[in-house]
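Report on the structure
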Amino acid sequence: HECADTCSPFEPLKFAKQASGWMAKGDATKRTSRWDFLWLLTLFRHTRYPAGLRRIMRSLGHESGVLAPGEVLSWLDELEALGVIRLKSGGFVWMHPGLKVLIREELKKDAPPQNWQGRVFEIEFQIARWYGRLLLATGDPMAAVESVFHSLRAIQKCHDSQVDWNPTSARQQSGIPCK
């Protein structure tokens with residue numbers, strides 16, 4: 001058994017705790033950005049594109065003052081080193097499905113002070129918008145399905161949050177109120 005000497009067992013709970021520890025680094029603003037980023041990674045059902053991750057983080061209000069140029073890529077490298085994600089050929093990001101669930105549970109424990117369900121709504125909504133843009137640019141039917149899927153999940157999260165959504169100026173352009 002060659003693998004017995006070189007492979008380590010996959011322990012999802014261990015990796016989820018490492019992701020939570022990674023999120024907790026830095027000041028409050030940085031922790032909130034990392035919290036959003038981990039939620040973003042766990043909400044995708046398919047391969048994640050680094051350019052899409054950067055765009056969505058900007059749409060969530062993480063401007064250059066909070067999120068330095070190239071920081072998303074360095075975060076991906078850090079998370080890969082921790083075993084949380086895998087960077088695949090072509091630059092795509094992959095995460096184990098079971099690990100996504102465990103990371104979400106960890107993130108709920110370490111939620112930022114604001115309503116976390118409302119924040120997850122915003123992330124789902126921005127993923128749906130990104131897939132809509134991908135559909136317009138490529139005509140890929142998978143992008144249409146994912147845009148609809150994430151739009152419906154955003155509506156569900158908005159309903160679950162039981163609070164009025166108060167969009168920031170960056171999100172007022174969407175015109176989508178929660179209630």
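Residues numbered from 1 in each chain as written. Predicted model: local features only at pLDDT ≥ 70, side-chain atom pairs only at ≥ 80, totals over all residues. Heavy atoms only, no water.

Overview of the overall build of the protein chain
- What the protein chain contains, in helices and strands, is eight helices and two strands.
- Its helices and strands taken in sequence order, the protein chain reads α-α-α-α-α-β-β-α-α-α from the N to the C terminus.
- A buried classification covers 41% of the 179 residues belonging to the protein chain.
- With an accessible surface of roughly 9,400 Å², the protein chain has 56% of that area assigned to carbon and sulfur atoms. (Helix = DSSP H or I, 4+ residues; strand = E, 2+ residues; numbered from the N terminus. Buried < 20%, exposed > 50% of the residue type's maximum accessible area, 1.4 Å probe, protein only. Areas by Shrake-Rupley, 256 points an atom, 1.4 Å probe, with all protein chains shown as cover.)

Details of the pattern of salt bridges
- Going through the model one piece at a time under the given rule, you end up with nine salt bridges.
- Note that K30 is salt-bridged to E71, the shortest N-O span being 2.7 Å. Separated by 41 residues along the polypeptide, K30 in helix α3 (residues 28-43) and E71 in helix α5 (residues 71-81) bring together distant segments of the chain.
- For E124, the salt bridge goes to R153, with nearest N and O atoms at 2.8 Å. With E124 in helix α7 (residues 116-138) and R153 in helix α8 (residues 141-161), this pair connects stretches of sequence that are 29 residues apart. Here E124 matches R153 in class, with each residue buried.
- Salt bridges sharing common partners tie together K17, E106 and K109. (Salt bridge = Lys/Arg side-chain N within 4 Å of Asp/Glu carboxyl O.)

Observations concerning the packing of aromatic side chains
- As enumerated under the stated definition, the model contains 11 aromatic pairs in all.
- Seen from their ring centres, W22 and F37 are 6.4 Å apart, and the 50° between their planes marks the pair as tilted. With W22 in helix α2 (residues 12-23) and F37 in helix α3, this residue pair connects regions lying 15 residues apart in the sequence.
- Summarising the aromatic geometry, the rings of Y49 and W130 are spaced 5.5 Å apart at their centres and angled 40° between planes, so their arrangement reads as tilted. Of this pair, Y49 sits in the loop between α3 and α4 (50-59) while W130 sits in helix α7; the two residues are 81 residues apart in sequence, bridging distant segments of the chain.
- You can call Y49 partly exposed: its relative accessible area is 28%. (Phe/Tyr/Trp six-rings, centres within 6.5 Å; stacked < 30°, edge-to-face > 60°.)

Considering a nonpolar patch on the surface
- A cluster of nonpolar side chains, namely V148, L152 and I155, defines an oily patch on the protein surface of about 300 Å² accessible area.
- Relative to the helices and strands, I155 is located in helix α8.
- Judged by its relative accessible area of 55%, I155 is exposed. (Patch = residues over 30% accessible without salt bridge, like charges linked within 9 Å, V, L, I, M, F, W, Y side chains within 5 Å.)

Points about the environment of G52
- In this structure, G52 sits in helix α4.
- Here G52 falls in the buried class, since its relative accessible area comes to 2%.
- It is 8.9 Å that separates the C-alpha atoms of G52 and Y131, two residues lying 79 residues apart in sequence.

Structural notes on the packing of α2 against α3
- At a closest axis distance of 8 Å, the pairing of α2 and α3 adopts a crossing angle of 145°. Across the interface between the two elements, A19, W22 and M23 from α2 touch R31, R34, W35, F37 and L38 from α3. (Axes fitted to C-alpha atoms, helices over the stretch in contact; angles between N-to-C directions. Contact = heavy atoms within 4.5 Å.)

Comments concerning the nonpolar core
- Of all hydrophobic cores here, the largest spans 36 residues; its most connected members are F37, L38, L40, L41, L53 and I103.
- Only α2, α3, α4, α5, α6 (97-109) and α7 provide two or more residues apiece to this core.
- With seven residues, the top contributor of residues to this core is α3.
- Apart from the residues lying within four places of it in its own chain, the contact partners of I103 are A16, A19, L38, T42, V84 and M95. (Core = buried A, V, L, I, M, F, W, Y, C linked by side-chain atoms within 4.5 Å.)

Re α3
- Taking 1.5 Å as the rise per residue, α3 with 16 residues should run 22 Å; its terminal C-alpha atoms sit 23 Å apart, in good agreement.
- Extensive coverage of α3 is indicated by the burial of 12 of its 16 residues.
- For α3, the set of buried residues is K30, S33, R34, W35, D36, F37, L38, W39, L40, L41, T42 and L43.
- For α3, the side-chain oxygen to backbone nitrogen distance between the N-cap and T29 is 3.3 Å, and the N-cap itself is D27. (Expected span 1.5 Å × (residues − 1). Polar contact = N/O pair within 3.5 Å; in protein donor to acceptor, adjacent residues only side chain to side chain.)

Focus: the side chain of D36
- Looking at where D36 falls in the secondary structure, it is placed in helix α3.
- At a separation of 2.5 Å, a polar atom in the side chain of D36 contacts the side chain of R119.

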